[in-house]
Amino acid sequence: MTNDTIVYRVDADDRIVSVSSAWDPFAIANNGREVTASSVLGKNLFEFIGDRTTRHIYRQMLARIRAGGNLRYRYRCDSPDCRRLMEMQIVATAEKGGVEFRSVTVEEHPRTPMVVPQADGALDPDPEELQRACGWCNRLDVDGTWMEIEDALPRLRLLERASPPTVTHGICEDCLARMTEELEFATGA
Ligand SMILES: [Zn+2]
């Protein structure tokens, strides 16, 4: 099991002020673009979250934490050879307005490496054709049904295409409902 805790902090203006080694949380929200620690430090967190609904959730999360709440939720962060369940904990830092995001691996299930065109930043995705993916549970949208990648790939026939579609990361209805509930809980209401 990977034991690295992934930690990053933002200041009161949502600028990323520190990061620990691994960088998966951003890769999720980042449409597969490669992000290194040195390229994110000092930048605004929201530069790395393209999806509107996800931005909205992050704004709400930050507001809850700054108002004295705490938040903990689970999400998927897979790699081609491993399904990985992570737990995110978000807390206030000592600095005024500062917020810390801590991610730990809860479960890891090795699998036969998946060839996922583009999910890890493919070379030549087709910019015209979009494939929706949920950045929170890692499922793919197949004609309106959210599926695990193993089930989705044969249906999408991604491997047979000359150039894979561009994956856009958003949030599925199930994860949106779950996060909305978590957010309500975080207010103590
Ligand atoms: Zn989801």
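Residues numbered from 1 in each chain as written. Predicted model: local features only at pLDDT ≥ 70, side-chain atom pairs only at ≥ 80, totals over all residues. Heavy atoms only, no water.

## Quick word on the overall build of the chain
- Broken down by element type, the chain carries 5 helices and 9 strands.
- N-terminal to C-terminal, the α/β element order of the chain is β-β-α-α-α-β-β-β-β-β-β-α-β-α.
- Counting only residues that meet the buried cut, the chain has 44% of its 189 residues in that class.
- Partitioning the contacts of the chain with sequence separation of at least 6, the portion at a separation of at least 24 is 62%. (Helix = DSSP H or I, 4+ residues; strand = E, 2+ residues; numbered from the N terminus. Buried < 20%, exposed > 50% of the residue type's maximum accessible area, 1.4 Å probe, protein only. Contact = heavy atoms within 4.5 Å.)

## A word on the environment of Glu 150
- Among the secondary structure elements, Glu 150 is positioned in helix H4 (residues 149-156).
- In this structure, the C-alpha to C-alpha distance between Glu 150 and Arg 139, residues 11 residues apart in sequence, is 9.5 Å.
- Setting aside chain neighbours within four positions, we find Glu 150 in contact with Arg 83, Arg 111 and Met 114.
- A distance of 3.0 Å separates a polar atom in the side chain of Glu 150 from a polar atom in the side chain of Arg 111. (Polar contact = N/O pair within 3.5 Å; in protein donor to acceptor, adjacent residues only side chain to side chain.)

## What about the pairing of strand S1 (residues 6-10)?
- Burial of S1 is extensive: 4 of the 5 residues sit out of reach of the surface.
- Pairing geometry for S1 and strand S5 (residues 99-110), over 5 bridges, is antiparallel. Its bridge partner being in S5, Val 10 is matched across the sheet by Val 99.
- Where S1 meets strand S2 (residues 16-19), 3 bridges bridge the pair, whose relative direction is antiparallel. Each bridged residue has a counterpart across the sheet, and for Arg 9 the counterpart in S2 is Ser 18.
- In textbook terms, the turn of a hairpin is the stretch between consecutive antiparallel strands, and for S1 and S2 this stretch comprises 5 residues, one of which, Asp 14, has a positive phi near 65°. (Pairing = 2+ DSSP bridges.)

## With respect to the sheet that holds S2
- Taken in spatial order, the 5 strands make up an open sheet running S2-S1-S5-S4-S3, and their pairing is antiparallel. Edge positions in the sheet fall to S2 and strand S3 (71-76), since each has one partner strand and no second. Averaged over all neighbouring strand pairs, the angle between strand axes comes to 20°, with direction disregarded.
- The pairing of strand S4 (residues 82-92) with S5 spans 11 bridges and is antiparallel. Across the sheet, Ala 92 pairs through a bridge with Val 99, a residue of S5. (Axes fitted to C-alpha atoms, helices over the stretch in contact; angles between N-to-C directions.)

## A few points about the pattern of salt bridges
- Per the stated rule, a full pass over the model turns up 16 salt bridges.
- Between Asp 78 and Arg 76 there is a salt bridge; the shortest N-O distance is 2.7 Å. Exposure class is identical for Asp 78 and Arg 76. Each is buried.
- With its nearest N and O atoms 3.0 Å apart, the salt bridge here joins Glu 150 to Arg 111. Taken as a pair, Glu 150 in helix H4 and Arg 111 in the loop between S5 and strand S6 (126-134) lie far apart in primary sequence, 39 residues in all.
- Connected through shared salt-bridge partners, Arg 76, Asp 78, Arg 83, Arg 111, Glu 148 and Glu 150 make up one network. (Salt bridge = Lys/Arg side-chain N within 4 Å of Asp/Glu carboxyl O.)

## Notes on the environment of Arg 15
- If you trace the backbone, Arg 15 turns up in the loop between S1 and S2.
- When the C-alpha atoms of Arg 15 and Gly 98 are compared, they prove to be 9.3 Å apart, with 83 residues separating the residues in sequence.
- Non-local contacts of Arg 15, meaning those with residues more than four positions away in its chain, are made with Arg 9, Val 10, Gly 42, Lys 43 and Asn 44.

## Focus: helix H5 (residues 173-186)
- Along its 14 residues, H5 runs 20 Å from first to last C-alpha, staying within 8% of the 20 Å computed at 1.5 Å per residue.
- Elements that come into contact with the buried residues of H5 comprise helix H3 (52-66), S3 and S6. (Expected span 1.5 Å × (residues − 1).)

## Considerations on the coordination of the zinc ion
- Of the protein atoms, only Cys 134 (SG), Cys 137 (SG), Cys 172 (SG) and Cys 175 (SG) coordinate the zinc ion, at distances of 2.3 Å.
- Here the zinc ion binds 4 donor atoms, and the angle range of 103 to 114° at the metal identifies the geometry as tetrahedral.
- Read from N- to C-terminus, the donor residues coordinating the zinc ion fall into the pattern C-x2-C-x34-C-x2-C. Of the two residues, Cys 134 and Cys 137, neither departs from the other in class, the shared state being buried. (Donors = N, O, S within 2.8 Å, 3.2 Å for Na, K, Ca; no water. Tetrahedral: all angles 85-135°; square planar, octahedral: opposite > 155°, others 65-115°.)

Nothing here speaks to function; it is geometry throughout.
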